[in-house]
Amino acid sequence: MNATITAIGGFVPSYVLSNEMISKMVDTTDEWIQKRTGIEERRLATSENLSTSDLAGAAIQNLLKTYEIDPLEIDGLVLATATPDHLLTPTASKVCELSGFTNAFGFDLNGACSGFLYALEMATTMIESGRYKKVVVVGADTMSSIVDYEDRNTCILFGDGAGAVLLEKTDDEFGVMKSILRTDGSGTSALYVPAGGSKVPAGMQSILHREHFIKQEGAFVFKKAVESMSSVSQDALATNDLSVEDIDWVVPHQANLRIIKAVSEHLNIGIEKVKVNIHKYGNTTSATIPLCLWDFKNDFKEGQNILITTFGAGFSWGATCIKWGVMRALKAVQYSANGELLKHDLMYQ
Ligand code: COA
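Residues numbered from 1 in each chain as written. Predicted model: local features only at pLDDT ≥ 70, side-chain atom pairs only at ≥ 80, totals over all residues. Heavy atoms only, no water.

In the nomenclature of an unreviewed UniProt entry, the protein chain is known as Beta-ketoacyl-[acyl-carrier-protein] synthase III of Flavobacterium psychroterrae. In its Subunit (unreviewed entry) section, the UniProt entry covering the protein chain states "Homodimer." What the UniProt record of the protein chain gives under Subcellular location (unreviewed entry) is the line "Cytoplasm". (UniProt positions renumbered as here; feature names shortened; annotations may be inferred.)

Here the focus is the overall build of the protein chain. Looking only at helices and strands, one finds 10 helices and 15 strands in the protein chain. Here the C-alpha radius of gyration of the protein chain, 19 Å, is about what a compact globule of 349 residues would show, namely 20 Å. The principal-axis extent of the C-alpha atoms belonging to the protein chain is close to 55 × 45 × 40 Å. Put simply, the protein chain has 349 residues, and 53% of those count as buried. For the protein chain, contacts bridging at least 24 residues in sequence account for 75% of all contacts bridging at least 6. In the structure as shown, the protein chain presents an accessible area of about 15,100 Å², 52% of it carried by carbon and sulfur atoms. Side-chain charges of the protein chain comprise 30 positive and 42 negative groups, with the mean position of each set lying 1 Å from the other. (Helix = DSSP H or I, 4+ residues; strand = E, 2+ residues; numbered from the N terminus. Rg over C-alpha atoms; globule rule 2.2 N^0.38 Å. Buried < 20%, exposed > 50% of the residue type's maximum accessible area, 1.4 Å probe, protein only. Contact = heavy atoms within 4.5 Å. Areas by Shrake-Rupley, 256 points an atom, 1.4 Å probe, with all protein chains shown as cover. Lys, Arg positive; Asp, Glu negative; His and termini not counted. Charge placed at Lys NZ, Arg CZ, Asp CG, Glu CD.)

Mapping Thr81 onto the fold places it in the loop between β4 (76–80) and α4 (91–99). In terms of polar contacts, Thr81 uses its side chain to reach the backbone amide nitrogen of Thr83, at 3.0 Å. A distance of 3.0 Å separates a polar atom in the side chain of Thr81 from a polar atom in the side chain of Asp141. Aside from chain neighbours lying at most four places away, what touches Thr81 is Thr52, Asp108, Leu109, Asn110, Ala140, Asp141 and Ser286. (Polar contact = N/O pair within 3.5 Å; in protein donor to acceptor, adjacent residues only side chain to side chain.)

Taken as a whole, helix α8 (residues 257–267) has its buried residues at Ile259, Ile260, Ala262, Val263, Ser264 and Leu267. The N-terminus of α8 is capped by Asn256, whose side-chain oxygen sits 2.7 Å from the backbone nitrogen of Arg258. Looking one or two residues past α8, Asn268 carries a phi angle of roughly 65 degrees, positive in sign.

On to unusual backbone geometry, then. Cis geometry marks the peptide bond from Leu88 to Thr89; its omega dihedral reads 10 degrees. Relative to the elements of secondary structure, Thr89 occurs in the loop between β4 and α4. For the peptide bond that leads from Gly314 to Phe315, omega is 10 degrees, which places it in the cis range. Phi is positive for Ala112, close to 50 degrees, though the residue is something other than glycine. Considering the arrangement of structural elements, one finds Ala112 in the loop between β5 (105–109) and α5 (115–128). Residue class for Ala112 comes out buried when judged on its relative accessible area of 12%. Non-glycine residue Thr285 carries a positive phi angle of around 60 degrees. In this fold, Thr285 is placed in the loop between α9 (278–281) and α10 (288–295).

Attention shifts here to the site of the ligand. With respect to spatial proximity, 23 residues lie near the ligand, and among them Thr28, Arg36, Arg152, Gln216 and Asn256 are the closest. Taking Asn256, its side chain carries an N or O atom lying 2.7 Å from an oxygen atom of the ligand. Protein contact buries 72% of the 940 Å² of open area that the ligand shows by itself. At the level of secondary structure, the elements contributing two or more residues to the shell around the ligand comprise α2 (30–37), α7 (218–239), α8 and β12 (305–312). Ranked by residue count, the leading element in the shell around the ligand is α7, at 4 residues. Per-class residue counts for the shell around the ligand are 10 nonpolar, 9 polar and 4 charged. (Near = heavy atom within 4 Å. Nonpolar A, V, L, I, M, F, W, Y, C, P; charged D, E, K, R; others polar.)

Turning our attention to the packing of aromatic side chains. All told, the structure shown has 6 aromatic pairs when counted by the stated rule. Considering the side-chain rings of Phe105 and Phe107, the 6.2 Å spacing of their centres and the 5 degrees angle between planes classify their relative orientation as stacked. Three or more aromatic residues joined by ring pairs make a cluster, and in this case those are Phe105, Phe107 and Tyr132. The ring of Trp249 carries the charged tip of Lys275 above its face, separated from the ring centre by 3.7 Å. (Phe/Tyr/Trp six-rings, centres within 6.5 Å; stacked < 30°, edge-to-face > 60°. Lys NZ or Arg CZ within 6 Å of the ring centre and 35° of its normal.)

Structure follows, in structure tokens:
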């Protein structure tokens, strides 16, 4: 029995923060940001008062509406996020409520930028075990809630968004193949939010020292990301008996266009096969990979092999391969992430 992706949804807030706008907040330029990161703009949730549960809930609504899926069919929800609504309760409980998943359990999983891939692996093994049939995996992050907009090293990089997939069991030879996931502690102070957790609880000093915002050693993280994503991708190919020639598409974590290009060069896979949307959204942490799957879903054809690879805080990293399967039929009426009517059944004739 395999687990295959049968539906995809996504959501990004409508508020756009352009490089030009950031250059009025910190000492930087549009040209520097584009050249060093490939990012042109990112979406922000906080200006619309949206939190992670809202983003995740909207991505799932988009999925349910687009494919006309009854929420009562869903057995489980795995929410990958590094920016929960609250430390307690789990954000997944609110998302289950917003999504109408009354026959399901749900839990949060924090794997930083690797969270979606970890969650996909958890859901895949749940389905392969035969105990669950339909599991929604959503990656959602409100990075603007932990970004310091006075720090030019980090505020240029991150954005907000959410992407969701439905995993279902299939007896066909499609679906998520073997994954390789890794975690170590070598990066615990290279990319982190120092305060607000159990180690440094919130207090006057932590606020004064701006310790509730992301701190990052950019160049070190960059180097580790390229090395780790490249080597774990090679391992994932080997463990699935695939060669680079067998790969039709690569969907990498979107942290920096230069990282993506370096990984593509290391793997010797042409950049034309690599899906990139970082210019529109920046790094949305747990949401980059599902948002990429959502943006490019029409390019993926039955039987094609997709390589997914990621890297994040911790450090955490991993890769998997997916043989793309049969998607659920689209509902005749389709909606955009903002609920606008995109396609009517008459448009199909
Ligand atoms: N605008 C202008 N100059 C900037 C800048 C900005 N937004 N941010 C940093 N600089 C400056 C630095 O101060 C430094 O100046 P100096 O040489 O006078 O000291 C110079 O640019 C080079 O800094 P460096 O950090 O070496 O730049 P970089 O090419 O490595 O790019 C990052 C910085 C953050 C874009 C890059 O390191 C990166 O993307 N790292 C990985 C981040 C990541 O992927 N994080 C998430 C992992 S999931």
